[in-house]
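# Structural description and commentary
What follows is the residue order along each chain.
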Amino acid sequence: DTGVSQNPRHKITKRGQNVTFRCDPISEHNRLYWYRQTLGQGPEFLTYFQNEAQLEKSRLLSDRFSAERPKGSFSTLEIQRTEQGDSAMYLCASSLGTGLQPQHFGDGTRLSIL
Amino acid sequence: DQQVKQNSPSLSVQEGRISILNCDYTNSMFDYFLWYKKYPAEGPTFLISISSIKDKNEDGRFTVFLNKSAKHLSLHIVPSQPGDSAVYFCAASGQTSGSRLTFGEGTQLTVNP
């Protein structure tokens, strides 16, 4: 079990730039989730995929955010025209899709907007 | 609205004693509850879960209790060890929330040697 892998671990960029994060889930997991966490808060749900289908999106996911999971394996989360308020830890999780299964998280990508 | 709430931002206990972390929820449609532990610079690590058909689940030193009528769950760690020092999050999901987890704000547990 290699766990959920996220890259990069840190991203520093200037306001207005586009950024893309990658998540590789646990290999047999068909569900993949993105969350965002800010200091002193718990993770907040952004979106989730079952295989390649994006089944749910949070109101937090503005039109500057887009997520994909082509072929149902790894996923990317892109933020266009970044803003100061986008600074956060972006967490990816995966789970099996049957029954009540826990989500397993990666170590996240910390985004800092200058 | 905060559907999952952890009212204690921090808790300090002595090594070997019991740690009790509490969590309250408001959404009666939640039917699956989880506890995660988080160290700095790492993602949350799954600890233990419980479905709404049970009122207790135990795994080694960790026990989760669910009181559905009070919409309250707790995590007991016995005996507490210094390595248990971390932020603990409770989370919940339910039929109306799809597969999304709704997290509390977290409780910083410090276990003193």
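Everything discussed here concerns the structure shown above.
Residues numbered from 1 in each chain as written. Chains lettered and ligands numbered in written order. Predicted model: local features only at pLDDT ≥ 70, side-chain atom pairs only at ≥ 80, totals over all residues. Heavy atoms only, no water.

### Points about the state of the cysteines
Where we set the bar: When the sulfur atoms of two cysteines come within 2.5 Å, that pair is taken as a disulfide. Secondary structure elements follow DSSP: runs of H or I no shorter than four residues count as helices, runs of E no shorter than two count as strands, and numbering proceeds from the N terminus. For every residue, the accessible area (1.4 Å probe, protein chains only) is compared with the maximum for its type, and the residue is labelled buried under 20%, exposed over 50%, or partly exposed between those bounds.
According to the stated counting rule, one finds two disulfides over all chains in the structure shown. Two residues, Cys23(A) and Cys92(A), share a disulfide whose sulfurs are 1.9 Å apart. Every disulfide takes its handedness from the sign of the S-S torsion; for Cys23(A) and Cys92(A) that torsion is -70°, giving left-handed. Residue Cys23(A) is found in strand 3 (residues 19-24), and its partner Cys92(A) is found in strand 9 (residues 88-95); the two are separated by 69 residues along the sequence. Grouping residues by exposure puts Cys23(A) and Cys92(A) together as buried. Covalent S-S linkage joins Cys23(B) and Cys90(B), the inter-sulfur distance amounting to 1.9 Å. Disulfide Cys23(B) to Cys90(B): torsion about the S-S bond roughly 60°, handedness right-handed. Taken together, the residues span a long stretch of sequence, with Cys23(B) in strand 3 (residues 19-25) and Cys90(B) in strand 9 (residues 86-94) at a distance of 67 residues. Cys90(B) carries the same exposure label as Cys23(B), and that label is buried.

### Points about the sheet that holds strand 7 (residues 62-67) of chain B
To keep it simple, the criterion reads: Strand pairing follows a simple DSSP-based rule, namely that at least 2 bridges must link the two strands.
The strand order across the open sheet built from five strands is 1-3-8-7-6 (chain B), with neighbouring strands paired in antiparallel fashion. Strands with a single pairing partner mark the edges of an open sheet, and in this sheet they are strand 1 (4-5) and strand 6 (56-59) of chain B.

### Here's the deal with the sheet that holds strand 8 (residues 75-79) of chain A
Backbone-to-backbone hydrogen bonds pair the strands of a sheet. The strands run either parallel or antiparallel. All names here are of chain A. Defined as follows: Only C-alpha atoms enter the line fits that serve as axes; for helices the fit covers just the stretch in contact. Angles between N-to-C directions range over 0 to 180 degrees.
The strand order across the open sheet built from four strands is 1-3-8-7, with neighbouring strands paired in antiparallel fashion. In the strand order of this sheet, the two ends are held by strand 1 (5-7) and strand 7 (65-68), each with one partner. Geometrically, the sheet is characterised by an average inter-axis angle of 15° between neighbouring strands, direction not taken into account. As paired elements, strand 1 and strand 3 share three bridges and run antiparallel to each other. Note that in strand 3 the partner of Gln6 across the bridge is Cys23.

### A look at the interface of chain B and chain A
To keep it simple, the criterion reads: What makes two residues a contact is simply this: any of their non-hydrogen atoms within 4.5 Å. Summed over both partners, the accessible area lost on bringing two parts together, with a 1.4 Å probe, is the buried area. Salt bridge, as used here, is a side-chain nitrogen of Lys or Arg placed within 4 Å of a carboxyl oxygen of Asp or Glu. The definition of a polar contact used here is a pair of N or O atoms within 3.5 Å, where within protein one atom must be able to donate a hydrogen and the other to accept one, and adjacent residues in sequence count solely through side-chain atom pairs. Throughout, the ten residues Ala, Val, Leu, Ile, Met, Phe, Trp, Tyr, Cys and Pro are labelled nonpolar, Asp, Glu, Lys and Arg are labelled charged, and all others, Gly among them, are labelled polar.
The partner chain A presents 23 residues to the 20 residues of chain B that form the contact. Buried surface at the junction of chain B and chain A, summed over both partners, amounts to about 1,600 Å²; 57% is from carbon and sulfur atoms. On the surface where chain B and chain A come into contact, there are one salt bridge. One can count seven residue pairs in polar contact (both at pLDDT 80 or more) joining chain B with chain A. For the side of chain B that touches chain A, the secondary-structure elements that each account for two or more residues are strand 4 (30-38) and strand 5 (45-51) of chain B. Considering every element that reaches the side of chain B that touches chain A, the biggest residue donor is strand 4 of chain B, with five residues. When grouped by side-chain class, the residues that make up the side of chain B that touches chain A number nine nonpolar, six polar and five charged.

### Some remarks on the pattern of salt bridges
Side chains that differ in sign of charge can pair as their charged atoms come close. Under the counting rule described, the total for this entry stands at six salt bridges over all chains. The residue Arg22(A) makes a salt bridge to Asp24(A) at a minimum N-O spacing of 2.8 Å. Residue classification places Asp24(A) among the partly exposed residues on the basis of a relative accessible area of 23%. Two residues, Arg61(B) and Asp84(B), come together in a salt bridge whose shortest N-O distance is 2.8 Å. Taken together, the positions of Arg61(B) in the loop between strand 6 and strand 7 and Asp84(B) in the loop between strand 8 (72-77) and strand 9 put the pair 23 residues apart, joining distant regions of the chain. On the basis of relative accessible area, Arg61(B) is assigned to the partly exposed category, the value being 22%.

Function cannot be read off these values alone, since they describe shape.
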